[in-house]
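Inside the fold
Here is how the chains run, residue by residue.
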Amino acid sequence: MKTVLLSPRTGTVTVGEVPAPEAVPGQVVIRNDWSLISAGTERATVSTGGQSLIGKARQRPEQVAQVLDSVKRTGLAETYRTVQDRLDRPVQLGYSCAGTVLRTGEGVGDIRPGMRVAAAGARYASHAEIVAVPRNLVVPVPDGVDTQWAAFGTVGAIALQGIHQAEAVPGSRIAVIGLGLVGQITLHLLRAYGYDGLGVDPDPAMVALAESAGLTAFPRDADGLPGVLSRRWAGAGADAVLITAATSSSDPVEFAGRLARDRATVVVVGDVNVAPPRSSYYHKELSIRYARSYGPGRYDPRFEEGGQGYPEGYVPWTERRNLAEVLRLLATGAVDFARLKPRVFPMEDAADAYEALKPSGTGRSVALLLRYPGTAQLVSPPVPPPGTRRWSTPRGTIRVAAIGAGNFATRTLFPELAREPNVAFSWVAGGRGLSAAHQGRRWGFRTVEQSVDTGLASGDADCVMVLSRHDSHGRYAARVLKGGAALYCEKPLGLTETELEDLADAWLLSGAPAMAGFNRRFAPALRDLRAALPAGAPLQVVYRVFAGRLPAEHWYFDPGQGGRLLGEVCHFIDTAGFLVPGRPVAVRAVGVDGRDPATAQSVTLQVTYDDGSAASVVYGGLTPPGAPKELLEVAADGVAARIDDFGSLTVWRGGRAATTKYRGAPKGHAAEMRALVRLVRGEQLDAATAAAADFGAALWSSLVACRAARSLAEDRVMETAPSTPALVRALGCAPAAAVPEPGRQAPGSASVTAAL
């Protein structure tokens, strides 16, 4: 399918080909009829892209701060690679569209194929022939409303949220400063609701556009403008002022203070310099409020991606309801966006549309629409063959495919695989298709598949790497094995015990090689430590990790992604288990900042083993930048050892200390990829590599992580033995006994509580 792409490095807008998005759970796949270009937001994005690195830095100081923080955490070289990769990665533009539903993902009940809908959301409701949008950002288009005007819905929701924030009643006097697209729509909505509204803008063309629609507007430079407006309102000031301008000047905020009445409200909708002068804001006791995008729910992954709602009694006007309300007003005729006189461009001419956004552009318009041919189709998903195909060792060149191609895969794994002889990249698929298409071309994959289904059905891979978001690992990994291919799955292997059971069952039936992305098992320091420990001796393991705080909007905190415990702490559970000779018996998890595994950033775990060993994992997710990341200490009979950030290993034995340095502090990624290639080829592995590649041990580490999440949530000790048939067989042990209640002992077993 075709989509509009922006080069962050040059600011160039092009129309490119990418695979159509898949109908993942909770999302709606839409064939666009129309999409609206947001003149203010998108003009700024394109303008920033066309500037030099220094110019980009001046425009985005918050991103400069993130880069400096990254330098502290990961070093200059790694940060430089990250920045360059971001600049080379194309970006989809757009966030307001309307069209027809083609397909819905699991869990979407109120939206059906064939329905006309409007959709919202950056990264989702893009300028593309086909988009996939979370269900909470999609609303039906009422009968009688053309999708051309429904495409204005998202920007209309932004305007409506500004009105809600003013908390004014119909008939109130409201001034709108800034008559771009949002400001124009705001005036239309104010009239529809019965407010006494007027607009102000320095551009005479914007004033004329508002007046042509029967709205009241004034040029900013009109002589005695505050007096003119005051006389219009019989000497009174505005009950509320909505600032919908986009400027670095503080004039809109200063002017709002002059227009407002005593104790009025000023609502900041646009991107302006908020520097209120004391002379007006203090003496009038004005309130400043902000309107955040489309409304409540925006930037909340639980609402947007997770599909969760809010209690209507407390949050009646969500972003979804705001969007639906704009469409209702269109249906009743209360607003008419045709009066905005939009310019229409065929989607293929998107570059010309963005050129028209520039101040020097010809025929500049406040509203620009992209029109789509409406002929794009989804590829019918192939029907998977019944049963599970058995593994067959490949001969010659190994064909490697990838599901997902994010930062970690492209910066760490693909470079190591590319160094291996007789390895060829076959196909790549996943996500919304853009990243797969970009990285597929960059790394020389033979094909970019339309979907994961078509890739797996092609049979054109000896090994498939699951590198997608955490919530898809379990189901994709099981499908890879059922299809008869070898598996590499990044951690976590699954977010639930049900997913782990399905994965274990597929592994046992297929007979295919499988490896988990627990790379620290392959780190030189860890393998040397394991060899230095006395064989079979119980160990005390203390693993301290200063991981650092993640922002609340990080994708780890998407409710479907499992949080940091399941997504990252599993690494350290596995590393400790790799050192300990025994099998895990029980786990206890305590959260410093809460008991919700999806949101907790700092947790402490204690794992006990059947040989008397014990491991403590202290994961600090609230630590400041610059702190050393990982410290692993082990004590045994007559031996003590420490790994410091994988850069050095010190072993104390017999009163002497021996220290080994490791250049570059390798965490095992290179050795891991070499082992994967040898495993797929069916080559004999040495004992240390075979132990590191043990998929059964990785399954058990994943099971312990799942039980740790339950322990955190339920505030109790959890046994860690498997309790389902496939996991029992895969891990080669007896099923777990019932977990005893706190203070009680299970029949015939030692008290788990006492063991801890």
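Here, every reference points to the structure presented above.
Residue positions are given per chain, counting from 1 as you read along its sequence in written order. Local features are withheld for residues below a pLDDT of 70 in this predicted model, meaning they are given only at 70 or higher, and side-chain atom pairs are given and counted only at 80 or more; totals for whole chains, interfaces and linings count all residues. With hydrogens and water stripped out, all remaining heavy atoms of the structure feed into the side-chain values.

Brief notes about the overall build of the protein
Going by this rule: Secondary structure elements follow DSSP: runs of H or I no shorter than four residues count as helices, runs of E no shorter than two count as strands, and numbering proceeds from the N terminus. Relative accessible area decides the class of each residue, using a 1.4 Å probe on protein chains only: under 20% of the type maximum gives buried, over 50% gives exposed, and in between gives partly exposed. Any two residues whose heavy atoms approach within 4.5 Å at even a single point are treated as in contact. Areas reported as accessible are Shrake-Rupley estimates using a 1.4 Å probe. Residue values count occlusion only from the protein chains shown.
What the protein contains, in helices and strands, is 26 helices and 31 strands. Per-residue burial for the protein yields a buried fraction of 52% across its 756 residues. The contacts in the protein between residues at least 6 apart in sequence include a share of 69% that link residues at least 24 apart. When the accessible area of the protein is evaluated, it comes to approximately 31,300 Å², of which 51% is carbon and sulfur surface.

Structural notes on the side chain of Thr 689
You can see Thr 689 is positioned in helix α23 (residues 687–692). In this structure, Thr 689 is in contact with Phe 522, Arg 527 and Ala 675, ignoring residues within four places of it in sequence.

Looking at the nonpolar core
Operational definition: Working definition of a nonpolar core: buried Ala, Val, Leu, Ile, Met, Phe, Trp, Tyr and Cys residues. They are joined through side-chain atoms within 4.5 Å.
Counting residues in hydrophobic clusters, the biggest one holds 114 residues, and the most contacted among them are Leu 487, Leu 529 and Leu 699. The element best represented in this core is helix α24 (residues 695–714), accounting for 11 residues. Setting aside residues up to four positions removed in sequence, Leu 529 forms contacts with Leu 579, Leu 632, Val 634, Ala 641, Ile 643 and Leu 649. Val 176, Val 182, Leu 323 and Val 326 belong to the second-largest nonpolar core, a separate cluster that totals 54 residues.

Let's talk about the pairing of strand β7 (residues 130–134)
Remark: a regular strand shows side chains that alternate across the two faces of the sheet. We count it as follows: Strands qualify as paired when DSSP identifies two bridges or more between them.
For β7, the tally of buried residues reaches 5 of 5 residues, placing the bulk of the element in the interior. Of the two faces of β7, both are covered, the one formed by Ile 130, Ala 132 and Pro 134 as well as the one formed by Val 131 and Val 133. In terms of strand pairing, strand β3 (residues 27–37) meets β7 through 5 bridges, oriented antiparallel. Within the sheet, the bridge partner assigned to Val 29 lies in β7 and is Ala 132.

What to know about the sheet that holds strand β25 (residues 603–609)
Our working definition: Lines are fitted to the C-alpha atoms to define the axes, a helix being fitted only along its stretch in contact, and any angle between axes, read from their N-to-C directions, falls within 0 to 180 degrees.
Pairing in this open sheet of 9 strands is mixed, and the strands run β30-β29-β28-β27-β23-β26-β25-β24-β31 from one edge to the other. Both outer strands of the open sheet, β30 (656–661) and β31 (718–719), are each paired with one neighbouring strand and no more. In the packing of helix α21 (residues 563–579) onto the sheet, the strands contacted are β23 (540–546), β25, β26 (614–620) and β27 (630–636), and the crossing angle to β26 comes to about 150 degrees. Contacts between α24 and the sheet are confined to β24 (584–591), β25 and β31, with β24 contributing the most and set at about 45 degrees to the helix.

Structural notes on the packing of helix α19 (residues 497–510) against α24
How two helices sit against one another is set out by the angle between their axes and by the gap between those axes. As a reminder of what qualifies: Here roughly perpendicular refers to angles of 65 to 115 degrees, roughly parallel to angles under 35, roughly antiparallel to angles over 145, and oblique to all remaining angles. Residues are grouped as follows: Ala, Val, Leu, Ile, Met, Phe, Trp, Tyr, Cys and Pro are nonpolar; Asp, Glu, Lys and Arg are charged; all remaining types, including Gly, are polar.
Here α19 crosses α24 at 170 degrees, and the two axes come no closer than 10 Å. For the element pair α19 / α24, the angle class is roughly antiparallel. Residues Glu 497, Leu 500, Leu 503, Ala 504 and Trp 507 of α19 touch α24, and the partners they reach there are Phe 695, Gly 696, Leu 699, Ser 702, Leu 703, Cys 706, Arg 707 and Arg 710. Tallied by class, the residues present in the contact of α19 with α24 amount to 8 nonpolar, 2 polar and 3 charged.

Examining the state of the cysteines
Put simply, the rule is: Working definition: a disulfide is two cysteine sulfur atoms within 2.5 Å of each other.
Overall, the coordinates contain 0 disulfides when judged by the stated rule. Cys 463 carries a free sulfur, and the closest cysteine sulfur to it, the one in Cys 489, is 11 Å from it. Taking the relative accessible area as the measure of exposure, Cys 463 reaches 1% and is therefore buried. No disulfide involves Cys 706; its sulfur sits 9.2 Å from that of Cys 570, the nearest cysteine.

Quick look at the environment of Ala 356
Here Ala 356 is to be found in helix α14 (residues 350–357). Taking the C-alpha atoms as reference points, Ala 356 and Arg 343, 13 residues apart in sequence, are found 9.6 Å from one another.

Comments concerning the pattern of salt bridges
We apply this condition: Think of a salt bridge as a Lys or Arg side-chain nitrogen and an Asp or Glu carboxyl oxygen that are within 4 Å of each other.
Here the structure, examined in full by the defined rule, presents 31 salt bridges. Between Arg 320 and Asp 110 there is a salt bridge, and its shortest N-O distance comes to 3.4 Å. With Arg 320 in helix α13 (residues 319–332) and Asp 110 in the loop between β5 (96–104) and β6 (116–120), the pair connects residues that are 210 residues apart, well separated along the chain. Given a relative accessible area of 17%, Arg 320 falls into the buried group. A relative accessible area of 32% means that Asp 110 is categorised as partly exposed. In this structure, Asp 462 engages Arg 399 in a salt bridge whose closest nitrogen and oxygen atoms are separated by 3.0 Å. Placement of Asp 462 in the loop between α17 (452–458) and β20 (463–466) and of Arg 399 in strand β17 (residues 398–403) is noted, with a sequence separation of 63 residues between them.

What about the sheet that holds strand β10 (residues 196–201)?
Read from one edge of the open sheet, 6 strands run β11-β10-β9-β12-β13-β14, paired in parallel fashion. The sheet is open, and its two edges are formed by β11 (217–219) and β14 (287–290), each paired on a single side. Here the average twist between neighbouring strands, direction ignored, is 20 degrees. Both strand β12 (residues 238–243) and strand β13 (residues 260–268) contribute to a ladder of 5 bridges, which runs parallel. Paired with Val 241 across the two strands is Val 266, which belongs to β13. Helix α7 (residues 181–193) rests against β9 (173–177), β10 and β12 of the sheet, and its axis sits at about 165 degrees to β9.

Let's talk about the environment of Asp 271
If you trace the backbone, Asp 271 turns up in the loop between β13 and α11 (278–281). C-alpha of Asp 271 to C-alpha of Ser 616: the two residues are 345 residues apart in sequence and 48 Å apart in space. Once residues within four sequence positions are removed from consideration, Asp 271 is found in contact with Ala 245, Ala 246 and Thr 247.

Some details on helix α6 (residues 153–166)
Applicable threshold: In a helix, the anticipated span is given by 1.5 Å times the number of residues less one.
Look at α6: 20 Å from first C-alpha to last across 14 residues, which is about the 20 Å you get at 1.5 Å a residue. The element α6 is extensively covered by neighbouring structure, given that 13 of its 14 residues are classed as buried.

Structural notes on the environment of Gly 178
Inspection of the secondary structure puts Gly 178 in the loop between β9 and α7. Owing to a relative accessible area of 5%, Gly 178 belongs among the buried residues under this scheme. C-alpha separation for the pair Gly 178 and Pro 25, spaced 153 residues apart in sequence, amounts to 40 Å. Beyond its immediate stretch of four places on either side in the chain, Gly 178 contacts Gly 183, Val 200, Asp 201, Thr 244 and Ala 245.

Some details on the packing of aromatic side chains
The following threshold applies: For this analysis, a ring pair means two rings from Phe, Tyr or Trp (six-membered ring only for Trp) whose centres lie within 6.5 Å, classed as stacked if their planes differ by under 30 degrees, edge-to-face if by over 60, and tilted for the remaining angles.
Under the definition given, this model contains 12 aromatic pairs. For the ring pair Phe 152 and Phe 337, a centre distance of 5.2 Å and an interplane angle of 35 degrees mean the geometry is tilted. Residue Phe 152 is found in the loop between α5 (147–150) and α6, and its partner Phe 337 is found in the loop between α13 and β15 (343–346); the two are separated by 185 residues along the sequence. With respect to class, Phe 152 is no different from Phe 337; both count as buried. The interplanar angle of 25 degrees and the centroid separation of 5.0 Å between the aromatic rings of Phe 303 and Tyr 310 together place this pair among those described as stacked. Given the relative accessible area of 29%, Tyr 310 is considered partly exposed. Joined through ring pairs, the aromatic side chains of Phe 414, Phe 425, Trp 443 and Phe 445 make up one cluster.

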